[in-house]
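Observations on chain architecture
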Amino acid sequence: MNESMQKALKDVMTLGVICTQWGDTGKGKLIDYFSQWADIVARGTGGANAGHTICVNGETYIFHLLPSGILHTEKINIIGNGVVLDPHIVLEEVGILAKADYTCDNLKIAYNAKLVLPQHLVMDRAKDIGKGRIGTTGRGIGPAYTDHCARFGLIVNDMLNPEIFKAKLKRNLKDKVKLLREFPIEKIKEIMDHDHLENGKFFDEKEIFNVEAITEHYLKLGQELKRFITDTDKLLREALCKKHILLEGAQGTLLSIDYGSYPYVTSSDSTIQNLPKGVGLSTADVDLVYNIVKALYMTRVGEGPFPTEFGGTKSAEYCGQSGITAETEKKEYPEVTLDPDGDEFMFGVNVRRAGSEYGATTGRPRRNGWLDLPLLRHSLQVAGKHGQTIALTKIDVLDKCPTIKVCTSYKYTGPDYNMGGTTLKKGDTLETAILLSEILEHSEPIYQEFPGWMTDITKVKEFNELPDKLKTIIKFIEKEAKTSVGMVSVGPDREQTILT
Ligand code: IMP
């Protein structure tokens, strides 16, 4: 642990890292970085919809479920009770690491984490089609959390208790079968004929799901996972104030089911209010939070309003196509400079390329746009006293950009909207975003422009050595969002991190 980390984390025993945007802001890197300090790293929300990228010694790993501290073999890594866990994916990731000689003996899984089963993947994929789609990751996240709230979900430990597993599974399948009967059976068969669903092994022509096949398969997976399963809530409560605990967020505040751009959100509360709960702790137990802000652009995947999007609806439609595009193969688009005065859509394409903004879970090109302070103000307000420190990531991506724009407020352009006792009218200014899709999609950004710094900052080690033009923008963000910058990340490696 270097001196600046020691200084920054003096008196801190429990540290949280969360994202203030729509995810994909570099949490993986930060968690890996702070793992040097931590004794325990714990995830408490989301599931395999997350994709955390870590670069160590020239190797890049993407984890969907394993906590991002897993490569620090002497640190305990926990998947907490609030996570929805797909056993296949954990085992797949453990398998990948085994090939690189990591045993994962440092992994612990909450016995009461929620289980993602084949029916959840099927429901997610069958329902997220056509108009009104969310653009989910298709990993069964929403349906698994829905079952938990509907009080018939299964937990990880059920896989270790055959009778209980089978009884709960049967109960759980009832409503799904009813709903799926509305779909053509060939469609369901096609969805289930997928490698994540054991290529049709769980399909039954008559009953839709083959209970015996699912039970047998998951009991076997349970045996493989057994060595990791334990009471992690207890472990963490006992470790509180004695060990350094690092809480790893997933997704971001704008994707939170409670505080995000509903309904274009994920199905868990991905804010700091829920993260400690997902590992058996409380927000009062958290001493410091780094709220990540990707800057000076931001991204989102999936559907939903995005006021500052480069190229507006053209970008949204283009990025809605799934999979790797001509862009990454560098066929369709010629290399052009990062010039915001040119074609806005093309500018977005170039920022995406410069920042490698392609979904870690789905491979989709991420939609992108300028940093949006009304949204940041919202996220920091949700964080409350935990919103005092932000971490700016991927700053170096816009090193070659001659002009930087920051959205400072919105002009409301929609029809009259009743907001309790007041009416929001066309032309009204909004300093803080209102996280309702009906309003966000009529929120027109007002920008402040800054000259770009136009120098390579990837080797800068101290905050004071950053170009003055960049420091001016950083100070502006701090003042406007009433927060302070505690970290600046200038590249993907651990070393490219500046603590202020
Ligand atoms: P779900 O979480 O798979 O249900 O997807 C709901 C929405 O959240 C979709 O728009 C997803 O693309 C988005 N989403 C889920 N996880 C992430 C993430 O880790 N980063 C960015 N977007 C995500």
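These numbers come from a predicted model, not from an experiment.

Description of the site of the ligand
- Around the ligand sit 15 residues in total, of which Asn49, Thr137, Gln251, Thr266 and Arg364 are the nearest.
- Asn49 places a polar side-chain atom, nitrogen or oxygen, 2.8 Å from an oxygen atom of the ligand.
- Taking Gln251, its side chain carries an N or O atom lying 2.9 Å from a nitrogen atom of the ligand.
- In the complex, the protein chains occlude 97% of the 470 Å² of accessible area that the ligand would expose alone.
- Residue composition of the shell around the ligand, grouped by class: 6 nonpolar, 7 polar and 2 charged.

Here's the deal with the nonpolar core
- Of all hydrophobic cores here, the largest spans 58 residues; its most connected members are Val90, Leu107, Ile109, Phe165, Phe209 and Leu225.
- In this view, Val90 contacts Leu65, Leu66, Ile79, Leu85, Leu107, Ile109 and Leu225; residues no more than four positions away in its chain are not counted.
- Counting 36 residues, the second-largest nonpolar core is a separate cluster that includes Tyr297, Leu380, Leu398 and Val406.

Looking at the sheet that holds strand β1 (residues 14-19)
- Pairing is mixed across the open sheet formed by 10 strands, whose spatial order is β11-β7-β5-β2-β12-β1-β13-β16-β22-β23. Of all the strands in the sheet, just β11 (229-230) and β23 (497-499) have a single pairing partner and so form its edges.
- Both strand β2 (residues 40-43) and strand β12 (residues 245-248) contribute to a ladder of 4 bridges, which runs parallel. Across the sheet, residue Arg43 finds its bridge partner in β12, namely Glu248.

A short note on the packing of helix α4 (residues 118-127) against helix α5 (residues 141-149)
- At a minimum axis separation of 7 Å, α4 and α5 run at an interaxial angle of 120°. Here α5 runs oblique to α4, going by the angle between their axes. Between α4 and α5 lies a crossing of right-handed hand. Counting all contacts with α4, which are made through His120, Met123 and Asp124, the residues of α5 involved are Ile141, Pro143, Ala144 and Asp147.
- Within the contact of α4 with α5, the residues separate by chemical class into 4 nonpolar, 1 polar and 2 charged.

With respect to the environment of His120
- Topologically, His120 is positioned in helix α4.
- In this structure, the C-alpha to C-alpha distance between His120 and Leu173, residues 53 residues apart in sequence, is 9.7 Å.
- There is a polar contact of 2.7 Å between the side chain of His120 and the side chain of Asp147.

Examining the packing of α4 against helix α6 (residues 162-180)
- Across the interface, α4 lies against α6 with an axial gap of 11 Å and an inter-helix angle of 20°. It follows that α4 is roughly parallel to α6 by the angle criterion. In this structure, α4 crosses over α6, and the sense of that crossing is left-handed. For the pair formed by α4 and α6, the contact residues are Gln119, His120, Val122, Met123 and Ala126 on the first element and Leu169, Asn172, Leu173, Lys176, Leu179 and Leu180 on the second.

Some points on the domain arrangement of the protein chain
- Considered domain by domain, the protein chain is made up of domain 1 (3-111 + 229-293), domain 2 (114-225) and domain 3 (297-386 + 394-499).
- Taken residue by residue, the interface counts 6 residues in domain 2 and 5 residues in domain 3.
- Both faces combined, the contact of domain 2 with domain 3 buries some 440 Å², and carbon together with sulfur accounts for 44% of it.
- Sorting the residues of domain 2 by area buried against domain 3 places Arg133, Thr137 and Arg139 first, and these three jointly supply 67% of that buried surface.
- For the pair domain 2 and domain 3, the number of links is 1 salt bridge.

Structural notes on the packing of aromatic side chains
- Evaluation of the coordinates by the stated rule reveals 11 aromatic pairs.
- Ring geometry for Tyr33 versus Phe34: centroids 5.2 Å apart, planes at 65°, classification edge-to-face.
- Take Tyr33: its relative accessible area is 3%, and that puts it in the buried class.
- Ring geometry for Phe347 and Trp370: centres 5.4 Å apart, planes at 35°, overall tilted. Taken as a pair, Phe347 in helix α12 (residues 344-354) and Trp370 in strand β15 (residues 367-372) lie far apart in primary sequence, 23 residues in all.
- Owing to a relative accessible area of 2%, Trp370 belongs among the buried residues under this scheme.

The rules we used
Residues numbered from 1 in each chain as written. Predicted model: local features only at pLDDT ≥ 70, side-chain atom pairs only at ≥ 80, totals over all residues. Heavy atoms only, no water. Near = heavy atom within 4 Å. Polar contact = N/O pair within 3.5 Å; in protein donor to acceptor, adjacent residues only side chain to side chain. Areas by Shrake-Rupley, 256 points an atom, 1.4 Å probe, with all protein chains shown as cover. Nonpolar A, V, L, I, M, F, W, Y, C, P; charged D, E, K, R; others polar. Core = buried A, V, L, I, M, F, W, Y, C linked by side-chain atoms within 4.5 Å. Buried < 20%, exposed > 50% of the residue type's maximum accessible area, 1.4 Å probe, protein only. Contact = heavy atoms within 4.5 Å. Pairing = 2+ DSSP bridges. Helix = DSSP H or I, 4+ residues; strand = E, 2+ residues; numbered from the N terminus. Axes fitted to C-alpha atoms, helices over the stretch in contact; angles between N-to-C directions. Parallel < 35°, antiparallel > 145°, perpendicular 65-115°, else oblique. Left-handed = near helix turned anticlockwise from the far one by under 90°. Domains from an automatic or database assignment. Buried area = accessible area lost by both parts, 1.4 Å probe. Salt bridge = Lys/Arg side-chain N within 4 Å of Asp/Glu carboxyl O. Phe/Tyr/Trp six-rings, centres within 6.5 Å; stacked < 30°, edge-to-face > 60°.

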